[in-house]
Amino acid sequence: MDDKIPQNANEPQTTEPAPVVPSHEGEDVKQFSKWMAEYGRPALIGLAVAVVVLLGIQTWRSQKASKASAAVQALFQSRSPEELQQLATTDPEAPTAPMALASAAAEFYAQNRYDEALAAYQSFLAQYPAHMLAPQAELGAAASQEALDDFEAAVAGYVAFAEKRMESPLRPQAVFGAARCLEQLDRFDEARALYEDFIAANPDSDQLAQAESGLLFLKKAERAKNAPAVVFDSSRD
């Protein structure tokens, strides 16, 4: 998610990360939310520029230039997730359609409309499985499931992402997401193993602090869960 759209028209590398994961208690989640907030909102201007690049000089010189230009303009002007979704639905083959749909999903999520966000991300993956934004959509779908407290499905999504996209810069967030959901399912040993394995394998990672924080809060949650219940003895009154 740290990837940004380059200005070099010969090397378009547009990425749009998944939206912010729901707020559970813990500094690790706060850090994750802050990081996602910076990069997770759809950058419509940047996306539109990428469309221009992806279409190529020849396309823009051809008779398709007018239609492509109109699609880019519509992406600029769209403001609500409904408008973005309508833009994607009207012409699914348009160069802007995948970006509009991914942006709609991110905006639905930002508005806490998690069911709609999940549906939009799943629709994106069904229509554009090989698109450059597919990794963001995969992570966004898992984050939406986490937000809906469907922790089993979220774990499956996060783990699948981490196993499939070993070199992705988004992989740490998938690992941490899986650990958070496992914690919610009281599967503390599995969650702890994810954090500890990441820390051991990535001692120089700039996300090491997030992993260490997540592990700390996990241990606190585990201790609280396993603490003996305090029984109030009314006979002593």
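Look a little higher up for the structure.
Let me begin by describing the structure that accompanies this report. This structure is a prediction, so every number in the text was calculated from the model and none was measured.

A few points about the overall build of the protein
- Within the protein, the secondary structure is distributed over eleven helices and zero strands.
- The secondary structure elements of the protein, listed N-terminal to C-terminal, are α-α-α-α-α-α-α-α-α-α-α.
- Considering the protein as a whole, with its 237 residues, one finds that 47% of them fall into the buried category.
- When contacts within the protein are restricted to residue pairs at least 6 apart in sequence, long-range pairs at least 24 apart make up 57% of them.
- Total accessible area computed for the protein in this model is approximately 12500 Å², and 52% of it derives from carbon and sulfur atoms.

Describing unusual backbone geometry
- The phi angle at asparagine 112 is positive, at roughly 65 degrees, despite the residue not being glycine.
- With respect to the helices, strands and loops of the structure, asparagine 112 is situated in the loop between α5 (97-110) and α6 (114-127).
- Its relative accessible area of 54% is what places asparagine 112 among the exposed residues.

Some details on the packing of helix α9 (residues 171-184) against helix α11 (residues 208-226)
- With their axes 11 Å apart at the nearest point, α9 and α11 run at an angle of 5 degrees to one another. Between α9 and α11, the interaxial angle falls into the category roughly parallel. Facing Gln173, Phe176 and Glu183 of α9, the residues of α11 in contact are Gln210, Ala211, Phe217, Leu218 and Ala221.
- The residue makeup of the contact of α9 with α11, split by class, is five nonpolar, two polar and one charged.

Re the environment of glutamine 127
- With respect to the helices and strands, glutamine 127 occurs in helix α6.
- C-alpha of glutamine 127 to C-alpha of proline 98: the two residues are 29 residues apart in sequence and 8.4 Å apart in space.
- A distance of 2.8 Å separates polar atoms of two side chains, one belonging to glutamine 127 and the other to serine 123.

Parameters and conventions
Counting from 1, residues in each chain are numbered in the order their sequence is written. At least 70 in pLDDT is required for a residue's local features to be given in this predicted model, at least 80 for side-chain atom pairs to be given and counted, and no such filter applies to totals for whole chains, interfaces and linings, which use all residues. The side-chain numbers reported here are obtained from all heavy atoms of the structure, hydrogens and water having been left aside. Strands are runs of DSSP state E lasting at least two residues, helices are runs of H or I lasting at least four, and both sets are numbered from the N terminus onward. For the exposure calls, accessible area comes from a 1.4 Å probe over protein chains only, and a residue counts as buried if that area is under 20% of its type's maximum, exposed if over 50%, partly exposed in between. Here, two residues are considered to be in contact whenever any of their heavy atoms come within 4.5 Å of each other. Computed by Shrake-Rupley with a 1.4 Å probe, the accessible areas treat only the displayed protein chains as cover when residues are assessed. All axes here are fitted lines through C-alpha atoms, helices being fitted over the stretch that makes contact, and every angle between N-to-C directions spans 0 to 180 degrees. Here roughly perpendicular refers to angles of 65 to 115 degrees, roughly parallel to angles under 35, roughly antiparallel to angles over 145, and oblique to all remaining angles. Amino acids are sorted into nonpolar (Ala, Val, Leu, Ile, Met, Phe, Trp, Tyr, Cys and Pro), charged (Asp, Glu, Lys and Arg) and polar (every other residue, Gly among them). Within 3.5 Å is the distance limit for a polar contact, defined as a pair of N or O atoms, with the added protein rule that one can donate a hydrogen and the other accept it, and that residues adjacent in sequence qualify only through two side-chain atoms.

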